[in-house]
Amino acid sequence: MEKINEILSTIIPGVDYKNATNLVDGKILTSLNIAGLVAKLNYEFDIEITPIHLVPENFNSVESIYQLVVSLDGE
C-alpha cells in the first residue's frame, strides 16, 4: 500500500491519502488524475486496469485501490 501512497502523492501532493475515503466522491481525484494513476499502477504492478474497473468504489481510498491491484495481480 505504501507504493500506492507514493504514486498518489506524485499526482496530487499534500493529501492525507492514508485516511481519505472519498477521493473520487470528494472530487480530490479528477478523471484526468485517475487516468494518470491507472497508467502508473498498470506499469508499476504489471496489471491491466480496464474501463470496467473505472468505478468510484475502486478509487475512493488507498485501501480500495490496493484491493483492485491485488485482485488484478492474480489474473
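In this report, we go over the structure that sits alongside the text. Sequence order sets the numbering: in each chain, residues are counted from 1 along the sequence as written. Note on the predicted model: pLDDT of at least 70 is required for a residue's local features to be given, and 80 or more for side-chain atom pairs to be given and counted; whole-chain, interface and lining totals, by contrast, use all residues. Excluding hydrogens and water, the side-chain figures rest on all heavy atoms present in the structure.

1. Quick word on a nonpolar patch on the surface
Then, in step 1: Patches were defined on residues exceeding 30% relative accessible area and lacking a salt bridge, with like-charge contacts within 9 Å and nonpolar side-chain contacts (Val, Leu, Ile, Met, Phe, Trp, Tyr) within 5 Å. Areas reported here follow the Shrake-Rupley algorithm with a probe of radius 1.4 Å; residue values treat only the protein chains shown as occluding. Every case where a carboxyl oxygen of Asp or Glu lies within 4 Å of a side-chain nitrogen of Lys or Arg is listed as a salt bridge. On the surface, M1, Y66 and V70 cluster together into a nonpolar patch covering about 250 Å² of accessible area.
Then, in step 2: Numbered from the N terminus, helices here are DSSP runs of H or I no shorter than four residues, and strands are runs of E no shorter than two. For Y66, the location among the structural elements is in helix α3 (residues 62-73).

2. Some details on the side chain of N5
Then, in step 1: Along the chain, N5 turns up in helix α1 (residues 2-11).
Then, in step 2: Categorising residues by exposure relies on relative accessible area from a 1.4 Å probe, with only protein chains included: less than 20% of the type maximum marks a residue as buried, more than 50% marks it as exposed, and the intermediate range marks it as partly exposed. Look at N5 and you get buried, because its relative accessible area is 10%.
Then, in step 3: Residue contacts are counted whenever heavy atoms from the two residues lie within 4.5 Å of one another. Setting aside residues up to four positions removed in sequence, N5 forms contacts with Y17, K18 and V62.

3. As for the pattern of salt bridges
Then, in step 1: Across all of its chains, the model carries two salt bridges by this definition.
Then, in step 2: With a shortest N-O distance of 3.9 Å, E2 and K18 are connected by a salt bridge. Placement of E2 in helix α1 and of K18 in the loop between α1 and α2 (31-45) is noted, with a sequence separation of 16 residues between them.
Then, in step 3: Residues K3 and E6 are paired through a salt bridge, measuring 3.5 Å at the closest nitrogen-oxygen approach. Linking K3 with E6, this pair stays in helix α1, spanning three residues, or about one helical turn.

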